[in-house]
Amino acid sequence: MLNVKPSWKNWQLLTEQGRHIWAFKPMSNDINRHLQNADNISEQEIRLAAEDFKFDKQVNPNSGDKVFRSAALESNFQPFSGEAPVLTNPDQQKLADSIIKGINYFASLQSADGHWAGDYGGPLFLLPGLLIASYVTSTPFPKAHQEMMKLYLFNHQNADAGWGMHIEGESTMFGTVMQYVSLRLLGVDKEEPALVKAREWIKTNGGAAGIPSWGKFYLSILNLYDWQGFNSLFPEMWLFPKWLPIHPWRYWCHSRMVYLPMAYCYAQRIKMPENPLILSLRTEIYSENYAEINWPQQRNKVCAKDSYTVLSPILKWMNLFTNSYEKIRSTWLRKKATNYILRYLNAEDQQTDYINIGPVNKVINSICIWQAYGAESEQFKQHVARWFDYLWVAEDGMKMSGYNGSQLWDTAFSARAILESDLGLLFPGIVQKAYQFIDHSQIKAEHPTHAEFFRHPMIGSWPFSTAENGWPVADCTAEGLSASLAIHESGLVKPTIEESRLQQAVDIILSYQNKDGGWATYELSRAPKWLEKLNPSEVFADIMIDYSWTECTAACVISLIEIQQTYPDYKTAELKQSISTGLAFILKKQRQDGSWYGGWAVCFTYATWFAVEALSKAKAKGYYNDVTLAESLQKAAVFLLGKQKIDGGWGETFKSCSKLVYTEAVTSQVVNTAWALLALMLIKEVDITVINAGINFLQSRQTADGDWEQENISGVFNYNCMITYANYRNIFPIWVLNRYYKVTMQG
Ligand code: LAN
C-alpha cells in the first residue's frame, strides 16, 4: 500500500501523446506552461520535500514509482464493475480474481492518450550530464527542480560514500565524481558531511584523473580537466570515404550519435571559463596538485573499479596517431569536419523534434548548439524545452530518464498481456485507448534528410518511446505489430488500421534482417565484428556495432509468424525464408546449458522466454524441423527448471548481465518468475506442479490493491549499465497469470 507523502502531491505528470513533463504545482494541464510555479518553492516546502523524499537505498535502491502511481490511482482508480466470471472451483476463482484485480489496478495507471507511463531511471551518469549542460550554458533549472535533483543525488549515495554507474551498482570513479560535481554545481557546500566522505572515497581511489573517458569529457567541458588528457576523437573521420569499414556511419547509432557531438566539443575544445567554484573543485577531486598534472599521461588512466572493457592495442596505436595529428592538423580540414558535424547535429535535432535519440546526445547536442548559435538562439531554446521530457519524479527525487520514456514498448506489451486470455475482454476501454496510442505512434513519414544522415528507412516502423522521438527500432516494430494483431483479433476495435500499414511494418521488419539471420536494434549490422576493437568507452561492451540479439530476433520472428497466420498471402515465400533463418539464428545462440543470454533485460530468464516463445510458436505452426525445435525447447526447460527456487519462483541479479553467468538473487523476483513461467507453459512436457508452484508464488506476492512490489532492477544496456522498467512488475505477472488461466480454463 502506498504511504503517500504530502509533498509528493506538489508534483504532477502532464502527458500529451506520450510526452512526459513533471510540473511543480501546475495551475492547469497545459504542458507548455509547466514551469509557471517552478521557481515559487518556499523554504518550508523545501524542508518538507527533504522529509518526504527521504529514501533508504539500503532497503532497496529501486524506487517504486510511488509519486506517479499514487496520483494516478487517486484520480483514476475505480473498483472493477464489469462481469467477472463466477467459477465453482475456488482456486480458479481466486486466479480469475487476481488477474482482474491486477489488470484493474494497472488500468488506472494508463494515461488519457492510451499509453502507460513509468519511471525509466537507473543509470547515474545521465543527470550529471544534464546539470553540466545547464551550468556551462548558464541555463539553471528552476528552484523546485534543483531541490528535487539534489535529493535524488543524495539518496543514491552508497554506504561507502561513493556512487555507482547505476542505482544498484558498487561505487565507481565515474559515478562518484559525476554526482559529487553535480551536487557542488547545485550549490551544496563542500563541508557537507556526505561530500566530505565522498571526497575521501575519490582520493582513496586515486582521484578524478582516473575517471573513464566519458567522465574526462564532461570534466573537460567544465574546465575541470585538460583536453590534452583526452584521446583525440579525430573529427576528420567524419570526412572519410563511406566505403571505409571504420567510417562512423557504420557504428551502432547510439555510439555514432554520442561520439558525433563529443567530436564537435573536442574540435572546439569547449570549456567554460574558470570561476571560484571550478577552481575550488580542482582542489577537491584530485589527489595531485591540479597545476602539476601531466595531462597526456592521464589519457588511458582508468580507476580499477570502473574498468569493464580494456582498450585494445589497435585503438591505443590509433590514438597515438590521432593525438599526434592534433599538433600538425590542417585548420581547413578541421573546419570542414566541424561544419559537417554541425549540419548532422541540426538534422538529428530536427528529425527528433529536439528530443534526440537518447539522454546522452540530448545533453551534448545542447552544449554544441549553445556554442554554435548562442543562448538566445531558437535552436538552443528548443533544446532546453526538451530537457524536461527526460526528467522523472519518484519517491527518491528527480532523476533523468534513460530515454524520453518507454511508452510504445510498455503499451504494446500491456495490450498483449491483458488480451492473453478472454478476461482481457472485460476491459474494452483500456484496450481501445492502448490501440489509439499504438496507432498514433507508428511512423508514417520519412525525414527529408534521412538518407543523407544514414537513417534506416522507417515508414511503417514503431519507435521505443514516442512518434516524436521517431527513431525506428526493429523489435519495437515487431511488438507494435504483434500488439496490433492481438487487438484486432480481440474484436474490440473498429475500424482497425489499414492493411497497407501492417504491410509496411512487415516490410520494415524484413529490411532489418541481418545476414546472420538475426535482428539487431535500430539498424542493420553495418560493420565487421573487429570494429569493436575501436570501442573507446572502458565502461560499456559491444557498443560499436548494432549486433543481432536473441530477443530482437525472437520478437521479429514471432510477429512474422503471426502475420502469416492472419495474412497468409502476403510475401509468403519471403516471410517463410526470413522466419526460418531467424529461427536458425536463435538456435545457434542457445548455450550449452539450454539458456539464452539477454542483452536488454536481466537476463537469462528474459532471453530464454523470448527464444522459447518464438521456437514454440514455430513448432506449433510447423515452420522448422520439428525434432530440432523440440530438442532445443527441452534443453531450455531443463535450464529453467534447474533454476527454480524453493518458494516456486525465480530470481536473477544484474550481475548475470555483466558477468555473463547466471547469478541468482537472494529472493525470488516476480519479473523473472513471470518470464520463466511464460516460457515453461509453452513447453508441453513440463510438469504442471512446477508451474503451479510458480503461479502460487506470484499470487502470494500480489498486493491487496492488485499491484506487485518493486524488486530488483530489470533492464540493462551494453552489459554493464542497468535501467528501470517500472511497469514490468505489473505487465509480466498479469501476462503469465492470464496465460495460466487460458491454458487451464480455455484449453
Ligand atoms: C534501449 C531501450 C529499449 C531496448 C529494447 C527495445 C528493449 C531492445 O530490445 C533493443 C535495444 C533498445 C532499443 C535500447 C537500446 C539502448 C538504449 C537506447 C536503451 C537501453 C535505453 C537507453 C539506452 C541508451 C544507449 C542509453 C544512453 C547511453 C549510452 C551508452 C549512449
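Refer to the structure printed above.
The shown structure was predicted, so the numbers you read here are calculated from the model rather than taken from an experiment. (Residues numbered from 1 in each chain as written. Predicted model: local features only at pLDDT ≥ 70, side-chain atom pairs only at ≥ 80, totals over all residues. Heavy atoms only, no water.)

## Quick word on unusual backbone geometry
Stage number 1. A cis amide bond links Lys494 with the next residue in sequence, Pro495, at an omega value of -10°.
Stage number 2. Following the sequence through the fold, Pro495 ends up in the loop between α17 (474-490) and α18 (499-511).
Stage number 3. Residue Cys603 follows Val602 across a cis peptide bond; omega there is -25°.
Stage number 4. One can find Cys603 in the loop between α20 (572-589) and α21 (604-620).
Stage number 5. Unlike most non-glycine residues, Asp65 shows phi in positive territory, near 60°.
Stage number 6. Structurally, Asp65 can be placed in the loop between α1 (43-52) and α2 (66-76).
Stage number 7. Unlike most non-glycine residues, Arg269 shows phi in positive territory, near 45°. (Helix = DSSP H or I, 4+ residues; strand = E, 2+ residues; numbered from the N terminus.)

## Concerning helix α14 (residues 378-387)
Stage number 1. Of the positions making up α14, those classed as buried are Phe380, His383, Val384, Arg386 and Trp387. Projection of α14 onto a plane perpendicular to its axis shows the buried side chains occupying an angular sector of 160°, all on one side.
Stage number 2. Buried positions along α14 lie against β2 (19-24), α4 (126-136), α12 (331-351), α13 (359-373) and β3 (391-394). (Buried < 20%, exposed > 50% of the residue type's maximum accessible area, 1.4 Å probe, protein only. Arc of directions from axis to C-beta. Contact = heavy atoms within 4.5 Å.)

## Points about the pattern of salt bridges
Stage number 1. Under the counting rule described, the total for this entry stands at 36 salt bridges.
Stage number 2. For Glu191, the salt bridge is made with Arg199, and the minimal N-O distance between the two is 4.0 Å.
Stage number 3. Put simply, Glu288 and Lys301 hold a salt bridge, and the shortest N to O gap is 3.8 Å. With Glu288 in the loop between α10 (276-284) and α11 (313-328) and Lys301 in the loop between α10 and α11, the pair connects residues that are 13 residues apart, well separated along the chain.
Stage number 4. Residue classification places Glu288 among the partly exposed residues on the basis of a relative accessible area of 29%.
Stage number 5. One salt-bridge network, in which partners are shared between bridges, spans Arg19, Asp353, Arg386, Asp389 and Glu468. (Salt bridge = Lys/Arg side-chain N within 4 Å of Asp/Glu carboxyl O.)

## Remarks on the environment of Ala117
Stage number 1. Residue placement: Ala117 occurs in the loop between α3 (90-107) and α4.
Stage number 2. Separated by 97 residues in the primary sequence, Ala117 and Trp214 place their C-alpha atoms 30 Å from one another.
Stage number 3. In contact with Ala117, other than residues within four places in its own chain, are Leu13, His20, Phe68, Leu109, Ser111, Trp392 and Asn727.

## A look at helix α7 (residues 193-204)
Stage number 1. The end-to-end C-alpha distance of α7, which contains 12 residues, comes to 17 Å, matching closely the 16 Å that a straight helix rising 1.5 Å per residue would cover.
Stage number 2. Within α7 the residues assigned to the buried category are Ala194, Leu195, Ala198, Arg199, Trp201 and Ile202. Buried residues of α7, viewed axially, fall in a sector of 160°; they line one side. In α7, the exposed positions that point more than 90 degrees away from the buried face belong to Pro193, Lys197, Glu200 and Thr204.
Stage number 3. For α7, the secondary structure elements touched by its buried residues are α5 (143-155), α6 (173-185) and α10.
Stage number 4. The first or second residue beyond α7 is Gly206, which carries a positive phi of 105°. (Expected span 1.5 Å × (residues − 1).)

## So, the state of the cysteines
Stage number 1. According to the stated counting rule, one finds zero disulfides in the structure shown.
Stage number 2. Unpaired in terms of disulfides, Cys253 finds its nearest cysteine sulfur in Cys476, a separation of 11 Å.
Stage number 3. In this structure Cys556 is a free cysteine whose sulfur lies 7.0 Å from that of Cys552, the closest cysteine sulfur available.
Stage number 4. Among the residues examined, Cys556 registers a relative accessible area of 0% and is labelled buried. (Disulfide = S-S within 2.5 Å.)

## Brief notes about the site of the ligand
Stage number 1. Neighbouring the ligand are 23 residues; Tyr120, His254, Gly402, Phe464 and Asp475 lie closest to it.
Stage number 2. Isolated, the ligand exposes 630 Å² of accessible area, and the fraction of that covered by the protein chains is 99%.
Stage number 3. Counting only elements with at least two residues in the shell around the ligand, the list comes to α9 (253-268), α13 and α17.
Stage number 4. Split by residue class, the shell around the ligand holds 18 nonpolar, four polar and one charged. (Near = heavy atom within 4 Å. Areas by Shrake-Rupley, 256 points an atom, 1.4 Å probe, with all protein chains shown as cover. Nonpolar A, V, L, I, M, F, W, Y, C, P; charged D, E, K, R; others polar.)

## Re the packing of helix α15 (residues 407-418) against α17
Stage number 1. The interhelical angle for the contact between α15 and α17, taken along N-to-C directions, is 35°, at an axis separation of 9 Å. Regarding α15 and α17, the two cross each other, and that crossing is left-handed. Within the contact between the two elements, α15 uses Leu408, Trp409, Ala412, Phe413, Ala415 and Arg416 and α17 uses Asp475, Cys476, Glu479, Gly480, Ser482, Ala483, Ala486 and Ile487.
Stage number 2. Residues belonging to the contact of α15 with α17 are distributed by class as follows: nine nonpolar, two polar and three charged. (Axes fitted to C-alpha atoms, helices over the stretch in contact; angles between N-to-C directions. Left-handed = near helix turned anticlockwise from the far one by under 90°.)

## Notes on the environment of Cys657
Stage number 1. Tracing the chain through its elements places Cys657 in helix α23 (residues 655-659).
Stage number 2. Residues Cys657 and Gly715, spaced 58 residues apart in sequence, show a C-alpha to C-alpha distance of 9.5 Å.
Stage number 3. When near neighbours in sequence (up to four residues on either side) are disregarded, Cys657 contacts Tyr308, Tyr597, Ala601, Val602, Cys603, Val716, Tyr719 and Met722.

## Points about the side chain of Lys645
Stage number 1. Examined against the element boundaries, Lys645 turns out to sit in the loop between α22 (626-642) and β5 (650-652).
Stage number 2. For Lys645, a relative accessible area of 15% gives the class buried.
Stage number 3. Only 2.7 Å separates the side chain of Lys645 from the backbone oxygen of Ala665, close enough to count as a polar contact.
Stage number 4. Within polar-contact distance, the side chain of Lys645 engages the backbone oxygen of Val666 at 3.0 Å.
Stage number 5. In contact with Lys645, not counting residues within four places along its chain, are Gly651, Glu664, Ala665, Val666, Thr667 and Ser668. (Polar contact = N/O pair within 3.5 Å; in protein donor to acceptor, adjacent residues only side chain to side chain.)

## Focus: the packing of aromatic side chains
Stage number 1. Enumeration according to the criterion identifies 62 aromatic pairs in this entry.
Stage number 2. Directly above the ring of Tyr266 sits Arg269, whose terminal nitrogen or CZ lies 4.1 Å from the centroid.
Stage number 3. Lying over the aromatic face of Tyr662, Lys643 brings its terminal NZ or CZ to 4.7 Å of the ring centre. (Phe/Tyr/Trp six-rings, centres within 6.5 Å; stacked < 30°, edge-to-face > 60°. Lys NZ or Arg CZ within 6 Å of the ring centre and 35° of its normal.)

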